[in-house]
Amino acid sequence: MSDNHSSNANEHVEVKTKPLHFIQQIIRKDLEQGIHKNIVTRFPPEPNGYLHIGHAKSICLNFGVAEEFGGACNLRFDDTNPEKENEEFVNSIMEDVKWLGFQWNGEVKYTSDYFDKLYEWALHLIKSGLAFVCDLNAEQMREYRGTLVEPGKNSPYRDRSVEENLALFEKMRAGEFDEGACSLRAKIDMASPNINLRDPIIYRIKKAHHHQTGNKWCIYPSYDFAHGQSDAIEGITHSICTLEFEDHKPLYDWFIQHLPVPAVPRQYEFSRLNINYAVTSKRKLKQLVDEGYVDGWNDPRMPTISGMRRRGYTPAALRNFCERIGVTRSDGVVDVGMLEFCVRDDLDKNAPRAMCVLRPLKLTITNYPIDKEEILTVANHPNRADLGERTIPFTHELFIEQEDFREEANKKYKRLVLGKRVRLRGAYVIEADEAIKDAAGNVIEVRARLIEGTLGKDPADGVKPKGVIHWVSASRNLNCEVRLYDRLFNDEAPDAGGKNFLESINSKNLEILEGCKAEISLADALIGASFQFERQGYFCLDSKYSTAEKPVFNRTISLKDSFGKEEQE
Ligand code: ATP
Ligand code: MG
């Protein structure tokens, strides 16, 4: 089974008639003024979880501007926190970036590639009298730090000599101290109004195995000490990050100013993507996974890139969405309806049509021979001849949806009614004569007559069908399971204002239907390929649970937005 999704990634991204966003403007100016000849950006994930829709925005921005301005974009794992990171996360992130349709510059990079350099630069700060080994424990450190309104206090270890600091730092590196016994701190200003500048920790003891460097290190640089310097090493010209790092910029600049770095990166912040009916904190997503609310990081209900892929969202839809939401510095919440619009829009244009009966009801065509089978040819898409045609068998016994038949109904019901006519999609007009019921009074079979000469034509007697319904042959079909997903949360802002997001999980977020009957051509469906099941929505084969014996189709999205609305007739 192969992945069929990555095609068409560029094809349907909106044509850029929009004005440039502020980051594009900055880059254009820097290039025009010769400040940079080429631009280099990077996407810097911490491999401590799977990527989500918010990361897609950052990926589209960083890789997008690099592509647009003929520059390069690195993929760098900011891997300074070995206890929370692992190779599974590294691999999933690479897969997601590629699936979105981007290729990073050269080899994948890791902050851990620079641990030797960063260690050397820590020594440099010590030798310059700008870093010291501090023995305060975490709690004391908090007391000494002060608050937003009160300055902090100098650590009693702040005035250790350079020689003593060098010796102690060497002992830290050699594993002679326990975790938490001491740390290396930058000597900046305990009275700074910016708490990030109050002698921040730059190296911690962590006796942890690292997924890239193994057991080489038992001290690790802080994220803040590593981030800007890694950008400098890679020659990143535009370090694009989210707004919460704005307050860290003075610290990044301080390091760059006091270290012999090869280049000076500039940081630009944009606002995070927040989307309603979802949580996008990795910690909360991890909780949903770890506590079994969902079936893994790539559960089709998750707002993760891998979850959306498994659900049948396409790279083109996600890229188009990221294009539409734009890049600004003002915080806001994007309506998930916009994402769903982009998904429908792409699938409507590109997904071949097929028929699948989700809740089958037997339909017997009484005037059609029992052993006859006609092969009908139908178009795969109503207005894309390039998507070709397929064949479907028409037989004596068929299945239709239970909800597509009523013994009696008012005029608004445009489906099959006793004594009335309906067209079977791509096939004949039929008229229902009889409903067979079980002991409980449920209709278990409909007996109908085929109106001769109605293949592609209206009935000769002028009595037109009420509507068109989908169907499959009862003797030649693909038995399958269908999973209908709904939103994971029924609260628009599940984690706003300190709410417990677990309390607003939508209890009806998954409905599993067994014994669904799909048209036989779907036996050849590939993992990741999308289909419109006529009148039902967009579906794709599930990559986790599908087997040759029992294909499982995920509903990517319904045809229309029906969330929170009663079924309309
Ligand atoms: P954490 O740091 O808590 O693990 P994170 O969401 O910041 O989580 P990172 O792996 O650090 O995850 O993110 C990588 C990049 O993606 C960063 O540059 C970050 O700013 C960006 N990013 C993360 N979340 C969003 C979001 N919701 N919208 C836009 N960009 C985001
Ligand atoms: Mg982060």
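Residues numbered from 1 in each chain as written. Chains lettered and ligands numbered in written order. Predicted model: local features only at pLDDT ≥ 70, side-chain atom pairs only at ≥ 80, totals over all residues. Heavy atoms only, no water.

Please set out the overall build of the protein residue by residue, giving values where relevant.
Scanning the protein from N- to C-terminus turns up twelve helices and 29 strands. Across its three principal axes, the protein shows a C-alpha extent of roughly 100 × 55 × 40 Å. Counting across all 569 residues of the protein, residues that qualify as buried make up 54%. With an accessible surface of roughly 25,800 Å², the protein has 47% of that area assigned to carbon and sulfur atoms. The positive charge centre, built from 76 side chains, and the negative charge centre, built from 88, are 3 Å apart in the protein. (Helix = DSSP H or I, 4+ residues; strand = E, 2+ residues; numbered from the N terminus. Buried < 20%, exposed > 50% of the residue type's maximum accessible area, 1.4 Å probe, protein only. Areas by Shrake-Rupley, 256 points an atom, 1.4 Å probe, with all protein chains shown as cover. Lys, Arg positive; Asp, Glu negative; His and termini not counted. Charge placed at Lys NZ, Arg CZ, Asp CG, Glu CD.)

Explain the side chain of threonine 41 residue by residue, including any values.
Mapping threonine 41 onto the fold places it in strand E1 (residues 40–43). Not counting the four nearest positions on each side in its chain, threonine 41 is found in contact with Asn62, Val65, Ala66, Ala72, Cys73, Asn74, Ile236, His238 and Ile240. (Contact = heavy atoms within 4.5 Å.)

If you had to explain helix H12 (residues 336–350) to someone new, which residues and values would you point to?
Turn by turn, an α-helix covers 3.6 residues, leaving residues three or four places apart pointing in a common direction. Under the 1.5 Å per step criterion, the end-to-end length of H12 is 21 Å for 15 residues, consistent within 8% with the ideal 21 Å. Every buried residue belonging to H12 is among Val336, Leu339, Glu340, Cys342, Val343, Arg344, Asp346, Leu347 and Asn350, and all of these are buried. N-cap assignment for H12: the residue whose side-chain oxygen lies 2.9 Å from the backbone N of glycine 337 is aspartate 335. (Expected span 1.5 Å × (residues − 1). Polar contact = N/O pair within 3.5 Å; in protein donor to acceptor, adjacent residues only side chain to side chain.)

Just give me the short version of the site of ligand 1, but keep the residues and values in it.
Taken together, the neighbourhood of ligand 1 is formed by 14 residues, with Glu46, Asn48, Thr242, Leu273 and Lys282 sitting nearest. The contact in question runs from an oxygen atom of ligand 1 to an N or O atom on the side chain of glutamate 46, over 2.8 Å. Leucine 273 is positioned with one of its backbone polar atoms (N or O) 2.9 Å from a nitrogen atom of ligand 1. Coverage of ligand 1 by the protein chains reaches 87% of its 590 Å² of free accessible surface. (Near = heavy atom within 4 Å.)

Break down the confidence of the model for the protein for me, citing the residues and quoting the values.
Chain-level pLDDT for the protein is 95 on average; 96% of the residues reach the 70-or-more range. Per-residue pLDDT stays below 50 along residues 1–11; that stretch engages in 25 contacts with residues further than four places along the chain or on separate chains. (pLDDT = per-residue confidence, 0-100.)

Requested: an account of helix H6 (residues 162–173), with residues and values cited.
A rise of 1.5 Å per residue sets the reference length of H6, with its twelve residues, at 16 Å; its end C-alpha atoms lie 16 Å apart and thus fit the reference within 8%. Where H6 is concerned, the buried positions are Asn165, Leu168, Phe169 and Met172. The arc enclosing the buried residues of H6, seen along the axis, measures out at 100°, which places them on a common side. The inward-facing, buried residues of H6 abut helix H4 (115–127), strand E4 (131–134), strand E5 (183–186), strand E6 (201–205) and strand E7 (219–221). Within two residues after H6, glycine 175 carries a phi angle of roughly 80°, on the positive side. (Arc of directions from axis to C-beta.)

Could you give me a rundown of the packing of helix H7 (residues 223–233) against helix H8 (residues 249–258), with the residues and numbers involved?
Look at H7 against H8: their axes get within 9 Å of each other, and the N-to-C directions meet at 60°. Between H7 and H8, the crossing angle belongs to the class labelled oblique. When you trace H7 past H8, the crossing you get is right-handed. Across the interface between the two elements, Tyr223, Asp224, Phe225, His227, Gly228, Gln229 and Ala232 from H7 touch Leu251, Tyr252, Phe255 and Ile256 from H8. (Axes fitted to C-alpha atoms, helices over the stretch in contact; angles between N-to-C directions. Parallel < 35°, antiparallel > 145°, perpendicular 65-115°, else oblique. Left-handed = near helix turned anticlockwise from the far one by under 90°.)

Tell me what's going on with the packing of aromatic side chains, and back it up with residues and numbers.
According to the stated counting rule, one finds 20 aromatic pairs in the structure shown. Ring centres of phenylalanine 394 and tryptophan 471 lie 5.3 Å apart, and the angle between their planes is 75°; this geometry places the pair in the edge-to-face category. Separated by 77 residues along the polypeptide, phenylalanine 394 in strand E16 (residues 389–395) and tryptophan 471 in the loop between strand E23 (468–469) and strand E24 (472–473) bring together distant segments of the chain. Neither residue differs from the other here; phenylalanine 394 and tryptophan 471 are each classed as buried. (Phe/Tyr/Trp six-rings, centres within 6.5 Å; stacked < 30°, edge-to-face > 60°.)

A description of the sheet that holds E1 should follow, citing residues and the corresponding values.
A sheet is described by the order of its strands in space; here three strands give the open sequence E1-E2-E3, paired in parallel fashion. At either margin of the open sheet sits one strand with a lone partner, and together these are E1 and strand E3 (109–110). Of the pairings in the sheet, the one linking E1 to strand E2 (residues 72–77) comprises four bridges and is parallel in character. Of the residues in E2, the one forming a bridge with threonine 41 is cysteine 73. Sitting on the sheet, helix H3 (residues 87–99) touches E1, E2 and E3, and the angle it makes with E2 is about 160°. (Pairing = 2+ DSSP bridges.)

Please give an account of the pattern of salt bridges that cites residues and values.
Under the counting rule described, the total for this entry stands at 45 salt bridges. Note that lysine 249 is salt-bridged to glutamate 269, the shortest N-O span being 3.1 Å. Of this pair, lysine 249 sits in helix H8 while glutamate 269 sits in strand E9 (residues 266–270); the two residues are 20 residues apart in sequence, bridging distant segments of the chain. A residue is classified by how much of its surface remains accessible, and lysine 249, at 24% relative accessible area, is partly exposed. The salt bridge involving glutamate 431 is made with arginine 421; its shortest N-O contact spans 2.8 Å. Here glutamate 431 is found in strand E21 (residues 429–437), whereas its partner arginine 421 is found in strand E20 (residues 421–424), with ten residues between them in sequence. The same class applies to glutamate 431 and to arginine 421, which are both buried. (Salt bridge = Lys/Arg side-chain N within 4 Å of Asp/Glu carboxyl O.)

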